[in-house]
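Chain by chain, the residues:
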Amino acid sequence: DNDGDAIEDLTFQFDFTNALANDGAGIGLNIGGENVAIPLRYAGPILSNDQTLQNELETYSVTLIEGDRRSGTRTELLPAGGTTFTKPIDNVGQKTLPDYDVYANQFISDFDLPGCAQQGRVFVGQRAEAFAVNLGEVFDLINFIPIEGDSAPGAGDGGGFAGGITQDRANDDVVGEANVTTFALELPIECITEGEEPVIGGWTTSSLPQAELENPEPGYEDTSRVGGALVQQSRLSMPLVNELVIGLPDKDRFNNSEPLDDASFATYVTNPTFPRLVEILFGPALGLTDNMAPTNFPRNDLVAAFLTGFPGLNQPANVSASEMTRLNTAIPVTAQADQSTFGVVAEDLAGFPNGRRPGDDVVDIVLRVAMGALCHPVPLGAELGVDGAVEDTETDLVNLGLCAPEQAPVGTVALTDGAPISATELQNEFPYLNSPIPGSPN
């Protein structure tokens, strides 16, 4: 959405196809005079310059849709000098893929965009997960005290809250332990913004055909018959909204919805339950019965964070309140070494919630914002154009006017899940996420 109206203007649609080698017959071995197809996806090492032993190839198309994603103008995007995009196989191990990086990097593809002087880039393939979260403990009713136990994150001095959790990679369930399939697009700013509006909003969806019948006599390319309209199965954008904001009775409806529908979910943002759950779980143990959760209703601070963006930062001029990740493309990027894991609230305006970089600690940021951090003065007055604000110093803090400090008793507490992440742990080039963990040796 590049004009703030909560309706998609540009959609990039991916569609995948698998095919066996040898025109669908697959790689075979001579067994007793019979050519017999092998059962594996590869028959030997796969090299950057020799993939003849790869038995199954996965390709994909990318279609640009301008306007409505179901009925708009469709343009198939093609790789420079080619006719189809190819996904590298997953990093099954170092014997099969002796040099995964060299092999996979050749599948980073440039492509032309209609009416655009610059090319875009795309990569779809397995990468190492970069979303740091204390997943098991968080969803076990937050089975830890979510307050920084050191004087500063990672200080290791125990100078913080007594009994609080400290930053430790051992608290992280995914970084260094899990791989994901990433869809990475790099797009020229001037070709995805509209007019003088620098702010874009984005979200992802996945869809399946409305009907599917299992084939009682299946073949490799014919396991089932599908038909009917595509039906949206999931929708994701701002981190943790689907998981911790939307109520259980409405999760399926939210997954099937579009940002234009978000007025029907607004109460989950203006009157959220998650802060009250944190209060119920930890208030009595900390001597804070009934005075942890913010009391500023409606929660205009969360409306700004999740539904509209912040004025002067990433709110479109004619915004329609809707849940999406918003990015002001006019704000310069922050160099990798200078990025703050706390993004905007640490005066790194190129960080979350102005877009989202892989090195932003979104769990800690969302936790603190949910518990009222934006009700307290923050060092962002000059940057966000707050009336009367001057250039920031260490003591020049400005209340954004979204709520009052007394309405958020723990808004200045260093809340955390104890799972750290830093931009310097990731690649400083496209597609940014690190190479996937090999399946072998391990």
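Now for a quick tour of the structure. For clarity, every value in this text was computed on a predicted model and none was experimentally measured.

## Considering a nonpolar patch on the surface
Nonpolar side chains collect at one region of the surface, where L29, I31 and V36 lie side by side and expose about 260 Å² of accessible area between them. Mapped onto the elements of the fold, L29 is located in strand β2 (residues 28-31). Among the residues examined, L29 registers a relative accessible area of 47% and is labelled partly exposed.

## Topic: the packing of helix α7 (residues 300-308) against helix α8 (residues 362-370)
Contact geometry of α7 with α8 gives a least axis separation of 10 Å together with a crossing angle of 150 degrees. In terms of their interaxial angle, α7 and α8 are classed as roughly antiparallel. Contacts from D301, L302, A305 and F306 in α7 reach V366, V369 and A370 in α8. Tallied by class, residues from the contact of α7 with α8 come to six nonpolar, no polar and one charged.

## Observations regarding the side chain of R357
With respect to the helices and strands, R357 occurs in the loop between β13 (325-328) and α8. You can call R357 buried: its relative accessible area is 12%. In this structure the side chain of R357 is engaged in a polar contact, spanning 2.8 Å, whose partner is the side chain of D348. For R357, the side chain forms a polar contact with the side chain of D360, separated by 2.9 Å. Contacts of R357, omitting those with residues within four sequence positions, involve T334, Q339, S340, G343, D348, A350 and G351.

## A word on the pairing of strand β4 (residues 56-66)
Where burial is concerned, most of β4 is hidden: eight out of the 11 residues are buried. With 11 bridges connecting them, strand β1 (residues 10-20) and β4 associate as antiparallel partners. If you follow N18 over to β4, its bridge partner there is E58. Bridge count for β4 against strand β6 (residues 85-87) is three bridges, and the pairing is antiparallel.

## Details of the pattern of salt bridges
Counted by the stated rule, this structure contains 14 salt bridges. Between R235 and D262 there is a salt bridge, with the nearest N and O atoms lying 2.7 Å from each other. In this pair, R235 is assigned in strand β12 (residues 222-236) and D262 in the loop between α4 (251-255) and α5 (266-270), connecting sequence segments 27 residues apart. Given the relative accessible area of 0%, R235 is considered buried. Here E323 makes a salt bridge to R235, at a shortest N to O gap of 3.7 Å. On the criterion of sequence distance, the pair formed by E323 in the loop between α7 and β13 and R235 in strand β12 is long-range, its members being 88 residues apart.

## Observations concerning the sheet that holds strand β8 (residues 120-128)
With respect to topology, three strands assemble into an open sheet ordered β7-β8-β9, the strand pairing being antiparallel. Two strands in the sheet have a free side with no partner beyond their single neighbour: β7 (109-111) and β9 (179-186). Strand-to-strand twist in this sheet, taken as the mean axis angle between neighbours without regard to direction, amounts to 20 degrees.

## Notes on the nonpolar core
Within the largest apolar cluster, 36 residues are counted, with the highest numbers of intra-cluster contacts made by V241 and F306. Going through the elements one at a time, α7 and α8 are the ones with two or more residues in this core. Take this core: its biggest share by element is six residues, from α7. Listed in part, the 14 residues of the second largest apolar core include V138, M292, M371 and L415.

## Points about the side chain of T11
By the element assignment, T11 lies in strand β1. Since its relative accessible area comes to 16%, T11 is described here as buried. With sequence-adjacent residues up to four places away left out, T11 is seen in contact with T63, L64, I65 and R69.

Cut-offs applied
Residues numbered from 1 in each chain as written. Predicted model: local features only at pLDDT ≥ 70, side-chain atom pairs only at ≥ 80, totals over all residues. Heavy atoms only, no water. Patch = residues over 30% accessible without salt bridge, like charges linked within 9 Å, V, L, I, M, F, W, Y side chains within 5 Å. Areas by Shrake-Rupley, 256 points an atom, 1.4 Å probe, with all protein chains shown as cover. Salt bridge = Lys/Arg side-chain N within 4 Å of Asp/Glu carboxyl O. Helix = DSSP H or I, 4+ residues; strand = E, 2+ residues; numbered from the N terminus. Buried < 20%, exposed > 50% of the residue type's maximum accessible area, 1.4 Å probe, protein only. Axes fitted to C-alpha atoms, helices over the stretch in contact; angles between N-to-C directions. Parallel < 35°, antiparallel > 145°, perpendicular 65-115°, else oblique. Contact = heavy atoms within 4.5 Å. Nonpolar A, V, L, I, M, F, W, Y, C, P; charged D, E, K, R; others polar. Polar contact = N/O pair within 3.5 Å; in protein donor to acceptor, adjacent residues only side chain to side chain. Pairing = 2+ DSSP bridges. Core = buried A, V, L, I, M, F, W, Y, C linked by side-chain atoms within 4.5 Å.

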